[in-house]
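This is what each chain is made of:
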Amino acid sequence: MNQVKFEKDKSYFISEMGDVEEWKGEHNLKSWQSAVGGYIELCPPHITNKLSEDHYLLVDEEGLFKDKGENALIRNMIVGDGLLIPLDKFQENEKTEML
């Protein structure tokens, strides 16, 4: 089970190998896509909540097609790198993108 404690107001990059570091990139679609290596996919809550209930988990939508391996920390058939984004940062960006 996950032993990493994620602060609710910070973002985190989770490498395919399971290493975690604070992510300080800009909160916008291009930055998120760059971080995960492709088009983003929002993971379902039953997976994300195992890590944090205060974040959304973004991954590369096409990770399986790119032969990325299962993420060592996230598991649950999630492949490649992941990005944990605070709920409010994702929602702020979502509103901005719609305008």
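Report on the accompanying structure. The model shown is predicted, which means the values in this text are computed figures rather than measured ones.

**A closer look at the overall build of the chain**
(1) Moving on: For the chain, the helix and strand inventory stands at three helices and five strands.
(2) Moving on: Its helices and strands in sequence order give the chain the pattern β-β-α-β-α-β-β-α, from N to C terminus.
(3) Moving on: Across its three principal directions, the C-alpha atoms of the chain cover 35 × 30 × 25 Å.
(4) Moving on: Residue burial in the chain is summarised as follows: out of 99 residues, 36% are buried.
(5) Moving on: Relative to all contacts within the chain whose residues are 6 or more apart in sequence, the contacts with residues 24 or more apart total 56%.
(6) Moving on: Just so you have it, the chain exposes about 6300 Å², and 50% of that area is on carbon and sulfur atoms.
(7) Moving on: When the 11 positive and 20 negative side-chain charges of the chain are each reduced to one mean point, those points stand 4 Å apart.

**Here's the deal with the nonpolar core**
(1) Moving on: In this structure, Phe6, Tyr12, Ile14, Cys43, Ile47, Leu51, Leu57, Val59, Ile74, Ile78 and Leu84 together form the largest nonpolar core, which totals eleven residues.
(2) Moving on: Within the residue set of this core, elements represented by two or more residues are β1 (11-14) and β4 (55-60).
(3) Moving on: Excluding anything up to four places from it in sequence, Ile47 contacts Leu57, Ile74, Asn76 and Ile78.
(4) Moving on: Grouped together as the second largest cluster of nonpolar side chains are ten residues, Ala35, Leu58, Leu83 and Phe90 included.

**Digging into the environment of Lys8**
(1) Moving on: Turning to its location among the elements, Lys8 is positioned in the segment before β1.
(2) Moving on: Exposure remark for Lys8: the relative accessible area of 57% places this residue in the exposed category.
(3) Moving on: Residues Lys8 and Ile85, 77 residues apart in the sequence, show an inter-C-alpha distance of 8.8 Å.
(4) Moving on: Beyond its immediate stretch of four places on either side in the chain, Lys8 contacts Asp54, His55 and Pro86.

What counts as what
Residues numbered from 1 in each chain as written. Predicted model: local features only at pLDDT ≥ 70, side-chain atom pairs only at ≥ 80, totals over all residues. Heavy atoms only, no water. Helix = DSSP H or I, 4+ residues; strand = E, 2+ residues; numbered from the N terminus. Buried < 20%, exposed > 50% of the residue type's maximum accessible area, 1.4 Å probe, protein only. Contact = heavy atoms within 4.5 Å. Areas by Shrake-Rupley, 256 points an atom, 1.4 Å probe, with all protein chains shown as cover. Lys, Arg positive; Asp, Glu negative; His and termini not counted. Charge placed at Lys NZ, Arg CZ, Asp CG, Glu CD. Core = buried A, V, L, I, M, F, W, Y, C linked by side-chain atoms within 4.5 Å.

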